[in-house]
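Each chain, letter by letter, is given below.
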Amino acid sequence: LEQLSRIPDLRGSLNYDPLTRYIRRGTWFIAENTDMELAYILTKADMPGFQTIGINAHVFTNAGATIAQEMAFALAIGAEYLDKLTDTDLNIDAILPKMRFNVAVGQNYFMEMAKMRAYRVLWANIAKAYGAKEENAKMLIHAFNAQINMSLYDSYVNMLRTTTGSMSAILGGVHSFSVTPFDMVYEPTTEFAERIARNQQLILKEESHFDKVTDPSAGSYYIENLTNSIAEQAWKLFLEIQNEGGFFAAVEAGKVQEAMKATSAKRLKDVSARKEVLLGTNQFPNFSEMAAE
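Values in this document were obtained by computation on a predicted structure and should not be read as measured data. (Residues numbered from 1 in each chain as written. Predicted model: local features only at pLDDT ≥ 70, side-chain atom pairs only at ≥ 80, totals over all residues. Heavy atoms only, no water.)

**Q** Is there a simple way to explain the environment of Ala 79 in this structure?
**A** Residue placement: Ala 79 occurs in helix H5 (residues 67-86). For the pair Ala 79 and Trp 123, spaced 44 residues apart in sequence, the C-alpha separation works out to 9.1 Å. Ignoring anything within four residues of it in the chain, the contact list for Ala 79 reads Trp 123, Tyr 130, Phe 238 and Gln 242. (Helix = DSSP H or I, 4+ residues; strand = E, 2+ residues; numbered from the N terminus. Contact = heavy atoms within 4.5 Å.)

Below, the structure is given as structure tokens:
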């Protein structure tokens with residue numbers, strides 16, 4: 001950390017997130033107190049422009065969570081870090097710039113766009129409740145494509161899915177984005193797939209000029225209404241978690257796991273019954289397709 005702090009204008013991030021690791025694997029890196037002590041050290045490190053604490057919302061997305069669940073759980077994890085770190089000698093304005101949310105983007109074009117906007121509104125509310133300054137209440141978001149929506153059979157369709165997902169996230173106002181290579185769900189990514197993923201990003205920037213407009217969806221009644229609706233649902237669930245004693249207490253009581261299990265089972269049932277549409281899977285499927293070796 002001392003060596004990194006000597007690099008002028010260093011920008012980037014580490015993805016240290018013991019709380020999400022705990023719910024995903026059931027174990028800490030070392031132990032709860034030790035893991036949180038390291039979180040404190042990473043947050044206190046003198047590296048402006050470098051985020052060290054990650055909140056990995058994509059874990060919930062890829063497990064089948066609804067958008068409201070994903071957001072509520074991620075915000076609750078963020079609030080848990082704020083609670084633990086503000087119990088030290090760190091103040092809220094020193095902590096917030098060191099946090100980054102890693103968010104997965106699904107297929108629903110307008111919903112995912114509104115999700116990014118709602119995330120920023122709710123996190124700003126939480127940050128201000130802790131007494132943060134206006135400039136530090138902004139959520140830093142890195143986004144990438146969700147794996148749960150990727151096809152194994154007609155893998156080239158994934159190029160279309162990752163492109164629309166990228167558009168949703170960028171129009172929704174993320175700070176950075178990585179396009180997921182179309183083949184990563186079933187093999188180590190190939191040079192061709194990685195080249196396509198890079199070019200998808202370059203086309204959106206150089207030919208579609210996505211880097212030239214700030215918040216292009218602002219003022220759209222549909223997007224604004226969708227943003228408010230998502231924010232309301234996510235906030236309601238977030239408050240329920242906080243009333244349980246916070247994210248960690250909800251996990252210890254099994255509430256988060258129960259909610260995820262029920263939602264995942266319902267989504268599988270809905271896809272099987274064609275109530276939820278996945279193009280190429282339960283809508284316009286090619287029954288002669290076989291998975292490649």
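So, next bit.
**Q** Would you mind going over the sheet that holds strand S1 (residues 12-16) with me for this structure?
**A** Hydrogen bonds between backbone groups are what pair the strands of a sheet, and the pairing can be parallel or antiparallel. Here five strands make up an open sheet; going across it, the order is S1-S2-S3-S4-S5 and the pairing parallel. Both outer strands of the open sheet, S1 and strand S5 (176-178), are each paired with one neighbouring strand and no more. Taken pair by pair, the neighbouring strands of this sheet meet at an average axis angle of 30 degrees, ignoring direction. Bridge count between S1 and strand S2 (residues 50-56): three bridges; the pairing is parallel. By the bridge assignment, Gly 12 is partnered in S2 with Phe 50. Strands S1 and S2 of the sheet are contacted by helix H3 (residues 32-44), whose axis makes an angle of about 170 degrees with S1. Contacts between H5 and the sheet are confined to S1, S2 and strand S3 (99-105), with S3 contributing the most and set at about 170 degrees to the helix. (Pairing = 2+ DSSP bridges. Axes fitted to C-alpha atoms, helices over the stretch in contact; angles between N-to-C directions.)

**Q** In this structure, what is going on with the pairing of strand S4 (residues 141-145)? I would like to understand it.
**A** Looking along a regular strand, one sees the side chains alternate between the two faces of the sheet. By the criterion of burial, S4 is predominantly enclosed, with five of the five residues buried. As judged from the five bridges shared by S3 and S4, these two strands associate in the parallel manner. When the sheet's bridge partners are listed, Val 105 is paired in S4 with Asn 145. Taken together, S3, helix H7 (residues 109-129) and S4 constitute a β-α-β crossover, and its handedness is right-handed. With three bridges joining them, S4 and S5 adopt parallel strand pairing. Across the sheet, His 142 pairs through a bridge with Ser 176, a residue of S5. The handedness of the S4 to S5 crossover, carried by helix H8 (residues 157-172), is right-handed. (Buried < 20%, exposed > 50% of the residue type's maximum accessible area, 1.4 Å probe, protein only. Right-handed = clockwise from strand over helix to strand, strands pointing away.)

**Q** What is the right way to look at the packing of aromatic side chains in this model?
**A** Centre-to-centre distance and the angle between the planes together describe a pair of aromatic rings. Summed over the entire model, instances satisfying the criterion amount to 13 aromatic pairs. Taking the centre distance of 5.4 Å and the plane angle of 50 degrees together, the rings of Tyr 22 and Phe 248 count as tilted. Pair noted here: Tyr 22 is in helix H2 (residues 18-25) and Phe 248 is in helix H11 (residues 247-252), with a separation of 226 residues, a long-range link. Joined through ring pairs, the aromatic side chains of Tyr 22, Trp 28 and Phe 248 make up one cluster. (Phe/Tyr/Trp six-rings, centres within 6.5 Å; stacked < 30°, edge-to-face > 60°.)

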